[in-house]
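# A closer look at the structure
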Amino acid sequence: MATKVVMEALSPTMEEGRLVKWLKNEGDPVKTGDVLAEVETDKAVMELVARGDGILRKRLGNEGDASPVGTLLAVIAPADENIDALIAGAGGDGAKAAAPATAGAAVAATSESSGATPVPQTPSESQGEASTPPEEKAAAPAAPAAPAASPPPPPSAATAPQTAAAPAPAGDGRRPRSSPLARRLASERGIELSQVRGSGPGGRIIKKDIEAAPAAPARGAAPAAAPAKEAPKRLISREGDYQDIPLSQIRKTIARRLSESIGPIPTFYLTAEFDAEKAASIRNDLKELGDDYKISFNDIVIKAVANALSDHPEVNAHWMGDHIRHFNRVHVAMAVATDAGLITPVIFDADRKSIGQISAEAKQLAGLARQRKLTPEQYTGSTFSVSNLGMFGIDQFTAIINPPEAGILAIGGVEAKPVVIDGEIVVRQRMRVTMSCDHRVIDGATGAKFLQAVKLFFENPLLLMV
């Protein structure tokens, strides 16, 4: 039976994707779970996997082209099956699949026998679970894990087993659940996922499971898929002194999200100046202990913000349209600039982590962001955001709120300034911050009290270490 390969919603906010590279050619045999292509989503470059067995009979999508979710990209079928009707049904206007009602329906329709869970498509669906940690979201039905596999929906986080489960037997028609990184490592090392016992939620195979598994002997298998990379920029037109370059998927998302924020959201701004002398002193002391102890001002700010959010849940909130949601857990997103645009990976439960843990996680997430290798679980679910341009010599700026969050803190550079202390002019390290507030959620006094708490923690960093 033929299986349609469509442009899937590989992230919660994805509306269209750009086909970066085909990894399978027409005529190649395909098994369920094989990586067919690399797709640039609105946030990262991800893998598009097969949802059925057979032969890749026809490729309809072209490398470099952007297609809406649900568009028919290819057909997998037995060698003797007639697929003319499927190809003809694709039509000539972008080869769209049979009119799925929503992006989630398009994912479910990838294969005629697929049981894939729909991907959340609205802020209330994708951001409304911000209080769920990433390891639990991987097991929950609404998790944005479309590229992982196509077994029936797993149990909810409340009922998911907490002990490691063996992968599904190879003969039951299901592919073991695994993370994209685990699949890539397994492919590079020649490891069969069906032979690996997963230790993640619901028996999901994760990175450490692959690292612990013995590598398979060399064999004549097809070479591993090339690392994900950004789609090449192509000219739309060249006219004399200028050239038009098409928008990347992440740039399209930035444009859409900002238009949703700065206009509809009634925003006001609060600016404060912090004394950074003690923070600078602690940074220098830790730096002298070696590279393993180095932290940045940004790490200290994130920890200070996280602790302040824990004390002020009215700021750790989302605007949900007809109600306000206060979160009991603190998940801080940090803005990271990449060649393709801005992305905000999330440090979950930041208030429960040490500055050292935050520093290590921030470096890792920033590296993955610049390589376009973040998974949806790593950049969704934040309850508050911070953006830092101090390293570029910016003294002060305002940031745009990422809805449905209620606020974002813009961090300027640390510099020596003359200030008056106890009636005397002295030179101190100072840092200016500006908080953008959604007035539907945060009043002026509420925002001011929150900034006072951030200031207290930042100016007395020893409080962050107890």
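Residues numbered from 1 in each chain as written. Predicted model: local features only at pLDDT ≥ 70, side-chain atom pairs only at ≥ 80, totals over all residues. Heavy atoms only, no water.

### Topic: the overall build of the chain
A tally of regular secondary structure across the chain gives 12 helices and 20 strands. Looking at the 466 residues of the chain, the share that counts as buried comes to 49%. Considering only contacts in the chain between residues 6 or more positions apart, those separated by 24 or more positions represent 65%. In the structure as shown, the chain presents an accessible area of about 21400 Å², 52% of it carried by carbon and sulfur atoms. (Helix = DSSP H or I, 4+ residues; strand = E, 2+ residues; numbered from the N terminus. Buried < 20%, exposed > 50% of the residue type's maximum accessible area, 1.4 Å probe, protein only. Contact = heavy atoms within 4.5 Å. Areas by Shrake-Rupley, 256 points an atom, 1.4 Å probe, with all protein chains shown as cover.)

### Things to note about the confidence of the model for the chain
In low-pLDDT segments, the atomic positions of the prediction should not be examined closely. When pLDDT is averaged across the chain, the result is 77; 72% of the residues are at 70 or more. Within the chain, helix 12 (residues 444-459) carries the highest mean pLDDT (97), whereas helix 2 (residues 103-108) carries the lowest (34). Taken together, the stretch residues 92-173 has pLDDT below 50 and engages in 164 contacts with residues farther than four places along the chain or on a different chain. Segment residues 218-233 is flagged for pLDDT under 50; beyond a separation of four residues in sequence, or across chains, it makes 25 contacts in the model. (pLDDT = per-residue confidence, 0-100.)

### Observations regarding the side chain of Thr-344
Within the secondary structure, Thr-344 sits in the loop between strand 16 (341-343) and strand 17 (346-347). Among residues more than four places away in sequence, those in contact with Thr-344 are Ala-333, Met-334, Ala-335, Tyr-379 and Asn-402.

### Examining the sheet that holds strand 1 (residues 3-6)
Strand pairing in a sheet takes place through backbone hydrogen bonds and is either antiparallel or parallel in direction. On the basis of which strands lie adjacent, the open sheet formed by four strands has the order 1-8-6-3 and antiparallel pairing. Of all strands in the sheet, those with a lone pairing partner are strand 1 and strand 3 (29-30), marking the two edges. The pairing of strand 3 with strand 6 (residues 54-59) spans two bridges and is antiparallel. When the sheet's bridge partners are listed, Val-30 is paired in strand 6 with Gly-54. (Pairing = 2+ DSSP bridges.)

### What about the sheet that holds strand 2 (residues 16-22)?
Taken together, four strands build an open sheet; the order of strands is 5-4-2-7 and the sheet is antiparallel. Across the chains shown, the open sheet's two edge strands, defined by having one partner strand only, are strand 5 (45-49) and strand 7 (66-68). Direction aside, the axes of adjacent strands within the sheet are offset by 45° on average. Taken together, the four bridges between strand 2 and strand 4 (residues 35-40) define a ladder with antiparallel strand orientation. (Axes fitted to C-alpha atoms, helices over the stretch in contact; angles between N-to-C directions.)

### Some points on the environment of Gln-195
Relative to the helices and strands, Gln-195 is located in the loop between helix 5 (180-189) and helix 6 (207-212). On the basis of relative accessible area, Gln-195 is assigned to the exposed category, the value being 67%. Once the C-alpha coordinates of Gln-195 and Ala-213 are considered, the two residues, 18 residues apart in sequence, prove to be 8.8 Å apart.

### Quick word on the pattern of salt bridges
By the definition in use, this model includes 15 salt bridges. A salt bridge links Arg-372 to Glu-40, with the shortest nitrogen-to-oxygen separation between them at 3.7 Å. Of the two residues, Arg-372 sits in the loop between helix 10 (355-370) and helix 11 (376-379) while Glu-40 sits in strand 4, which places them 332 residues apart along the sequence. For the pair Arg-372 and Glu-40, a shared accessibility class is recorded, and that class is buried. (Salt bridge = Lys/Arg side-chain N within 4 Å of Asp/Glu carboxyl O.)

### Some thoughts on the packing of aromatic side chains
Applying the stated criterion across every chain, the model contains two aromatic pairs. Where Phe-274 meets Phe-458, the ring centres are 5.8 Å apart and the plane angle is 40°; that geometry is what we call tilted. Here the residue Phe-274 occupies a position in strand 11 (residues 267-275), and Phe-458 occupies one in helix 12, the gap between them amounting to 184 residues. No difference in accessibility class separates Phe-274 from Phe-458, as the two residues are buried. Seen from the ring of Phe-297, Arg-283 lies directly overhead, with NZ or CZ sitting 4.5 Å from the centre. (Phe/Tyr/Trp six-rings, centres within 6.5 Å; stacked < 30°, edge-to-face > 60°. Lys NZ or Arg CZ within 6 Å of the ring centre and 35° of its normal.)

### Remarks on the environment of Leu-72
Mapping Leu-72 onto the fold places it in strand 8 (residues 72-77). Since its relative accessible area comes to 3%, Leu-72 is described here as buried. Residues Leu-72 and Leu-60, 12 residues apart in the sequence, show an inter-C-alpha distance of 7.1 Å.

### Quick word on a nonpolar patch on the surface
On the surface, Leu-389, Met-391, Phe-392 and Ile-394 cluster together into a nonpolar patch covering about 390 Å² of accessible area. Take Leu-389: it is sitting in the loop between strand 18 (384-388) and strand 19 (407-421). Judged by its relative accessible area of 30%, Leu-389 falls in the partly exposed class. (Patch = residues over 30% accessible without salt bridge, like charges linked within 9 Å, V, L, I, M, F, W, Y side chains within 5 Å.)

### Quick word on unusual backbone geometry
In this model, Pro-403 is joined to Pro-404 through a cis peptide bond whose omega is 10°. Considering the arrangement of structural elements, one finds Pro-404 in the loop between strand 18 and strand 19. Phi at Asp-422 takes a positive value of approximately 55°, unusual for a residue other than glycine. Among the secondary structure elements, Asp-422 is positioned in the loop between strand 19 and strand 20 (424-438). With relative accessibility at 77%, the residue Asp-422 sits in the exposed group.

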